Amino acid sequence: MDSLKFLFALIAVVNAAYSLAPHAQTRHNPAIPGWHSDPSCIFVPDRGNTTFCASSTFLLTPGIPIYASKDLTTWRLASHALSREAQYPEFNLSIPQTDGIWAPTLRYHKGVFYVIVIYKKNISGKSTGLIFNSTNPFRDNAWSVPVQYQAESIDPDLFWDDDGTSYVATAGTNLQTVDVTTGALGEPRRIWNGSTGNFLEGPHLYKKDGFYYLLAAEGGSGLNHSVTIARSKGLWGPYQGYEKNPVLTNRNTSEYFQNIGHADLFQDANGHWWSSALTWRSGPEGQTYPMGREMALTPVAWKQGDWPSFAPVRGIQEGWYLPPSKAIPGDGPFVNDPDIVDFEPNSTLPRNFAFWRWPNKKSYTVSPPSHPRTLRLTPSMASITSGYKNYTAGYDGTDFTLIMRRQTDTLFQYSVDVSFAPTVENEEVGVTVFLNQVQNINLGIAMLPASSTNKTDSTLKPHFRFLVSGLGSNEKDIPSPFVTSVPSSWSQGPIRLIIRAANETHYSFFAASSSRPWDLLRLGQAPATIVSGGVGPFTGSLVGVYATTNNGKGSTKSYISRWRYFGLAQEIGNGDLVHS
C-alpha cells in the first residue's frame, strides 16, 4: 500500500500546481473519459437546460449511450438508444471486430430526440441506416425500434431546415432529404470536397446568421485527424472552405491529446458555444492509449456573421462558467462513480455494465436463491478469443459469457471475489482487460493437470493462468503465458482477482485469498499497448469477468461477488495526474 500512498501524494502535488483562481472556470479533459467514440452533443433548454451526448459502440451492447449534464463537468448515463435485441435483431450478424454501430448523431426537434446512425455488418459491404427516436431520454425503453434506410455512406448527420424539411449528410460530403418516419431518401448531391479531400468524414450542418455551416473531419482517424469547416448562403452550396482550416487539430505537435476530430457544436444555457470531439491520450507516438477514442470538450467563440474560433484541446481547459449541478434525472451512474456492486437480491446489472454483442441471457443470473449477493456465471463453450482465429476472420456466432465495464481512468483498481469449484479440465473463470477478441489480457482460475511433465498423472487441480492475446496489436513483446497452482489453503473461500493500473503504460494482475486480501500474489504484467489500436482502432478497453469451458465438456457455474472498480487518477498531459 506504500506505492498507493506515494501515488496519492504525487497527485496532490500536481493538483496544487494546477489550482487556479477561485473565479476561473476550469475543466479537465477528457470530459467523458473512457471509450466514447464519435461524440455528438445537443443542448436542450426545455429539458432543464441540459446537454445530452451520444457516442459509437460498435459491437458493445447495450449500444449508443446517452449522457446528460447541466454543467459540462458532471455527466450521468441517462439511457441507451439501443438496449433491446428486439430493436435490431440483425446486430449479432456483424463480422469484423470494428463493425456494428458507427458514428451516431444526436438531435432534438419539436419535442423529440433523434439518433441517426449506421449499422455495418461487414466493413467492405453496404450499411443499414437506423433512426431511433424518443420523447424521454432518461429511459431505455422509451427509445423506439429504429426506422431503417439503405445507407450509401457512413457518419450520418441529421439536419432540419427552417421549412421543416429534414436532411441527412454523410461522409463524402453528400446531402439528401430524409423522411425520419419512413426512411425514404431523396437524391444525394455532393456539396463540398473538403480542404484536402482526404478522408472527408463526420459532417454536421448548422444554420447561423444566414449561413449554412458544414463542419467535418479530415485526415483519417489517427495522428493526422483534424476538424475543418465551410459555409454557404444556400443549403446545397456552393460551400466555401475557411482559409484558416483546420479549425481544430493537434497533429504535428507534442501534445498529449492527439487524434482530435469528429467534432460537433452546441450552445450552453448562457448562449456560449462549445465543441465536443474525439481524442486519444497517446502523445505524438500514438502507441499507448488503451481507453481509445474519448470525448473532449473545448469552448468556441462564434461571433455573429464570423467563423467559429475553437480553443485547442488540452488536459486543463478553461471555459465559461456554469454552476455545478448533479440535478439530473434517472438512475444511471455518474461517469466518475466507482463500482461498488454486491448483486443484491431482486437487483439487476448496473446500467454501465456491457457485453460483446447481445449476450445469452442464460449465461448470468443476479443473486440466485442458492447463492444470494452473487453474480452466477454459466460458462460458454467458447473462450473470449475463440471464433476469431485471426484478425480478418469472421464471427462464428458463438456466445461468450463476458460481462464488462469501460476503463474510465488512467490509474485504477478493479477486483472481484470468485467462488469456483471446477471439476472438468479446462473449465475457467477470470478477469480481463478486453479490447476485442484478439487483443485482451486475462487472469483466470482454470482446471488443469496437476503435473505438466508427468503425462500419466491424470490428477486435475485449479491453477492460475495468466494469458495475453496480442494478435494484430502494435506490441511486439507479448508476455508469455504463466501458470501456477492455486494454493491449497485458498480452497475454502472466495479468491480475489485484481487488475491494477498503477502507471499509464502497464497492467498488473494479482490474486489473494479473500480472507487475507492484503497478502497478494502477483501473477502477471502486460503493456497497455496490447489493448491500444491494432485491430481495435475505433474502440477502447473494458474490464470485467468471463467464464468458459474452453471448448471442453464442463458446465460448472461460478459465483462472482464484491465487484469493485475504483478510479485513482487521470493523466491529463505527459505525466500530469489529477484525482479521478
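Residues numbered from 1 in each chain as written. Predicted model: local features only at pLDDT ≥ 70, side-chain atom pairs only at ≥ 80, totals over all residues. Heavy atoms only, no water.

Trainee: Tell me what's going on with the overall build of the protein, and back it up with residues and numbers.
Mentor: Broken down by element type, the protein carries one helix and 39 strands. For the protein, the spread of C-alpha atoms along the principal axes amounts to about 80 × 55 × 45 Å. Within the protein, the proportion of its 580 residues that are buried is 59%. Long-range pairs, those at least 24 residues apart, make up 61% of the contacts in the protein between residues at least 6 apart in sequence. Carbon and sulfur atoms make up 51% of the accessible area of the protein, which totals about 22,500 Å². (Helix = DSSP H or I, 4+ residues; strand = E, 2+ residues; numbered from the N terminus. Buried < 20%, exposed > 50% of the residue type's maximum accessible area, 1.4 Å probe, protein only. Contact = heavy atoms within 4.5 Å. Areas by Shrake-Rupley, 256 points an atom, 1.4 Å probe, with all protein chains shown as cover.)

Trainee: Lay out the pattern of salt bridges with the relevant residues and their values.
Mentor: Once the charged atoms of two side chains with opposite charge are near each other, the side chains can pair. Taken as a whole and assessed by the stated rule, the structure comprises 16 salt bridges. Taking the shortest distance from any N to any O, the salt bridge between D264 and R107 comes out at 3.1 Å. One end of the pair, D264, is in strand β19 (residues 257-267); the other, R107, is in strand β7 (residues 100-109), and 157 residues separate them in sequence. The pair formed by D264 and R107 is uniform in burial state, with each residue classed as buried. The partner of D162 in a salt bridge is K207, with the nearest N and O atoms 2.7 Å apart. With D162 in the loop between β11 (157-160) and β12 (166-170) and K207 in strand β15 (residues 201-208), the pair connects residues that are 45 residues apart, well separated along the chain. Relative accessible area serves as the criterion here: at 37%, K207 is assigned to the partly exposed category. One network of salt bridges, with partners in common, ties together R107, D157 and D264. (Salt bridge = Lys/Arg side-chain N within 4 Å of Asp/Glu carboxyl O.)

Trainee: Which residues make up the confidence of the model for the protein, and what values do they have?
Mentor: Averaged over the protein, the pLDDT score is 92; the fraction of residues at 70 or greater is 92%. pLDDT under 50 marks residues 6-23. Its contacts with residues more than four places away, or in other chains, come to 20 contacts. (pLDDT = per-residue confidence, 0-100.)

Trainee: With reference to specific residues and values, describe the sheet that holds strand β14 (residues 189-190).
Mentor: If you trace the four strands from one edge of the open sheet to the other, you get β11-β12-β13-β14, paired in antiparallel fashion. Every interior strand has two partners, whereas the edge strands, β11 and β14, have only one. Bridge count for β11 against β12 is four bridges, and the pairing is antiparallel. Across the sheet, F159 pairs through a bridge with Y167, a residue of β12. (Pairing = 2+ DSSP bridges.)

Trainee: Tell me about the nonpolar core, and please be specific about residues and values.
Mentor: Counting 45 residues, the largest nonpolar core has I403, Y414, I441, F464 and Y507 as its most contacted members. Among the elements that line this core, the one with the most residues is strand β29 (residues 411-420), at five residues. Core analysis: the second largest hydrophobic core is formed by 31 residues, L59, A103, V112 and V178 among them. (Core = buried A, V, L, I, M, F, W, Y, C linked by side-chain atoms within 4.5 Å.)

Trainee: Give a detailed account of the packing of aromatic side chains, specifying residues and quantitative values.
Mentor: Under the criterion given, the structure shown has 29 aromatic pairs. Here the aromatic rings of Y213 and W307 are separated by 6.0 Å at their centres, their planes lie at 85°, and the arrangement is edge-to-face. Residue Y213 is found in strand β16 (residues 211-218), and its partner W307 is found in the loop between β21 (294-301) and β22 (309-310); the two are separated by 94 residues along the sequence. Per residue, the accessibility class of Y213 equals that of W307, and both read buried. Ring pairing ties together the aromatic residues F211, Y213, Y242, W273, W302 and W307, which thus form one cluster. Above the face of the Y565 ring, R405 is positioned so that its terminal group lies 3.8 Å from the ring centre. Over the ring of W35 we find R406, and its NZ or CZ is 5.7 Å from the ring centre. (Phe/Tyr/Trp six-rings, centres within 6.5 Å; stacked < 30°, edge-to-face > 60°. Lys NZ or Arg CZ within 6 Å of the ring centre and 35° of its normal.)

Trainee: Report on the sheet that holds β21, specifying residues and quantitative values.
Mentor: Pairing within the open sheet is antiparallel, and its four strands lie in the order β19-β20-β21-β22. Pairing within the sheet leaves two strands with one partner each, and these edge strands are β19 and β22. For strand β20 (residues 273-281) and β21, the ladder comprises seven bridges, and the chain directions are antiparallel. Bridge assignment links A277 to a residue of β21, and that residue is A296.

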